[in-house]
Amino acid sequence: MSKFIQSSKEQGQQGTSFLSDVNQSPAESSQTQQNINVTRQQSFGLTETFLNNSVTSLAAASIASVGSGHVRAIDPNHCYKMDHKKRGKCIIFNNKEFAKSTTMPARDGSDFDALRMREIFGDLLQFDVDVHVNRTTIEMLQIVAKAAAEESNCDSDCLALVILSHGGDGGIVYGTNGFIKLEVLIEPLKGLGCPALIGKPKLIFIQACRGMQLDEGANASDTKRGKTAATADTAYKIPTEADFLYAFSCPPGYFSFRNGKQGSWFIQAITKVFKKHGTNLEIMQLLTRVNQTVAMEFESNSQNKDYTGKKQIPAIVSLLTKDLYFTRNRWTED
């Protein structure tokens, strides 16, 4: 399903009101068992149980055992509906070469990131992936607008956008010919510009520098340790900016590392975490583990001492209104 159609510094390195804890007696346990259809043991040692009532997807109905006699249930009213006919479109912009007028260097290692993200979103999460290489700002905007207008969004769970490019202060990302503000690029995905995705998650992943500041890190001894989219009969308003999630490789103003032979730290961490937990943890749990992986497992080592011993932390901005699970209950064909 995939079609092959990273900032100047960067190139150097690269819900639960229904939740309950129940300690049951044998009699109570017997009664509870009558309401349970299927129990399966997952590889990480937890047990998911599917309820008869209000089952709209595997994620929405799952109950995880968190200890002997303790059960945690996930209310479907607090989860995005992820059982549409399609998972949705994932657009990947892999901008790695730039016009001389931009003064931006080539982004060595970006192809590794593109391949990894295509594997994660396509093979694992079951998106329909389009990879676009070296696109201008106008072309990028046109591609996003076209994806927003597709009728197939009605039958899709969500939409994902991955940007691998240069970036900078002020919320900009680069096309091959110059920069565009991120808010302008994603405008077609908002509100009435994309009615089929109202109330559905829009996931934006950005591997790009957001400034020139370097994170020196801190020694551990220096710190203390310690209802889906509206339908005709249930109409309601949703804020235009709602249901977006932005996963940035670094905080505003900071440098984002990329290795020319291994790709960026951020995408390497996403790959590691999502391959292990992508279909059983909620999206914010996944991205928190990505943060931990980048923070704890990576440190720069450069021939330029100014760039040696530096750290990085991704920045996650969630405007989601429900929990999001990428369960693999998809349209199996014989």
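Please read these numbers as outputs of a predicted model, since none were measured by experiment.

Draft legend 1. The arrangement of unusual backbone geometry in detail. Backbone geometry at Thr 103 places phi at a positive 65°, although glycine is not the residue there. As for its placement among the helices and strands, Thr 103 is situated in the loop between β6 (89-94) and α3 (110-124). Overall, the relative accessible area of 64% leaves Thr 103 in the exposed class. At Asp 243, a position not held by glycine, the phi torsion is positive, near 70°. With relative accessibility at 2%, the residue Asp 243 sits in the buried group.

Draft legend 2. Summary view of the sheet that holds strand β11 (residues 178-181). Pairing within the open sheet is antiparallel, and its 3 strands lie in the order β9-β10-β11. Strands at the two margins of the open sheet, each flanked by one partner only, are β9 (167-168) and β11. Two strands pair when backbone bridges link them, and strand β10 (residues 172-175) and β11 are joined in this way by 4 bridges, in the antiparallel orientation. Residue pairing in the sheet places Tyr 174 in a bridge with Phe 179 of β11.

Draft legend 3. Structural view of the pairing of β10. Where burial is concerned, the two faces of β10 agree: the one with Ile 172 and Tyr 174 and the one with Val 173 and Gly 175 are both buried. Note that β9 and β10 share 2 bridges and pair antiparallel. When the sheet's bridge partners are listed, Gly 168 is paired in β10 with Ile 172. Between β9 and β10, which pair antiparallel one after the other, the connecting turn spans 3 residues, and Gly 170 there sits at a positive phi close to 85°. Taking the residues that link successive antiparallel strands as the turn, the β10-β11 hairpin has 2 residues.

Draft legend 4. Quick look at the packing of aromatic side chains. Taken as a whole and assessed by the stated rule, the structure comprises 10 aromatic pairs. On the basis of an interplanar angle of 70° and a centroid distance of 5.3 Å, the ring pair of Phe 121 and Phe 127 is categorised as edge-to-face. When its relative accessible area of 1% is taken as the criterion, Phe 121 is described as buried. Residue Phe 127 is classed as buried on the basis of its relative accessible area, which comes to 1%. When the ring of Phe 121 is compared with that of Phe 205, the centres are 5.4 Å apart and the planes differ by 75°; the resulting orientation is edge-to-face. Placement of the pair is Phe 121 in helix α3 and Phe 205 in strand β12 (residues 202-207), with a sequence separation of 84 residues. In terms of burial, Phe 121 and Phe 205 fall into one category: buried. Each residue in the set Phe 255, Phe 257, Trp 265, Phe 298 and Tyr 307 is aromatic and connected to the rest through ring pairs, giving one cluster. The lysine or arginine in question, Arg 210, covers the ring of Phe 248, its NZ or CZ lying 3.6 Å from the ring centre.

Draft legend 5. Structural view of the nonpolar core. Counting residues in each nonpolar core, the largest one holds 42 residues, and the members touching the most others are Phe 121, Phe 127, Phe 205, Phe 274, Ile 283, Val 290 and Phe 326. Those elements that place two or more of their residues in this core are β6, α3, β7 (128-133), β8 (159-164), β12, β13 (244-248), α6 (265-277) and α7 (283-297). When residues of this core are assigned to their parent elements, the largest contribution, 7 residues, is made by α6. Judged by nonpolar contacts, the second largest core, of 25 residues, contains Leu 189, Cys 194, Ile 206 and Ala 315.

Rules used in this analysis
- Residues numbered from 1 in each chain as written.
- Predicted model: local features only at pLDDT ≥ 70, side-chain atom pairs only at ≥ 80, totals over all residues.
- Heavy atoms only, no water.
- Helix = DSSP H or I, 4+ residues; strand = E, 2+ residues; numbered from the N terminus.
- Buried < 20%, exposed > 50% of the residue type's maximum accessible area, 1.4 Å probe, protein only.
- Pairing = 2+ DSSP bridges.
- Phe/Tyr/Trp six-rings, centres within 6.5 Å; stacked < 30°, edge-to-face > 60°.
- Lys NZ or Arg CZ within 6 Å of the ring centre and 35° of its normal.
- Core = buried A, V, L, I, M, F, W, Y, C linked by side-chain atoms within 4.5 Å.

Scope: geometric values only; no functional claims are made or implied.
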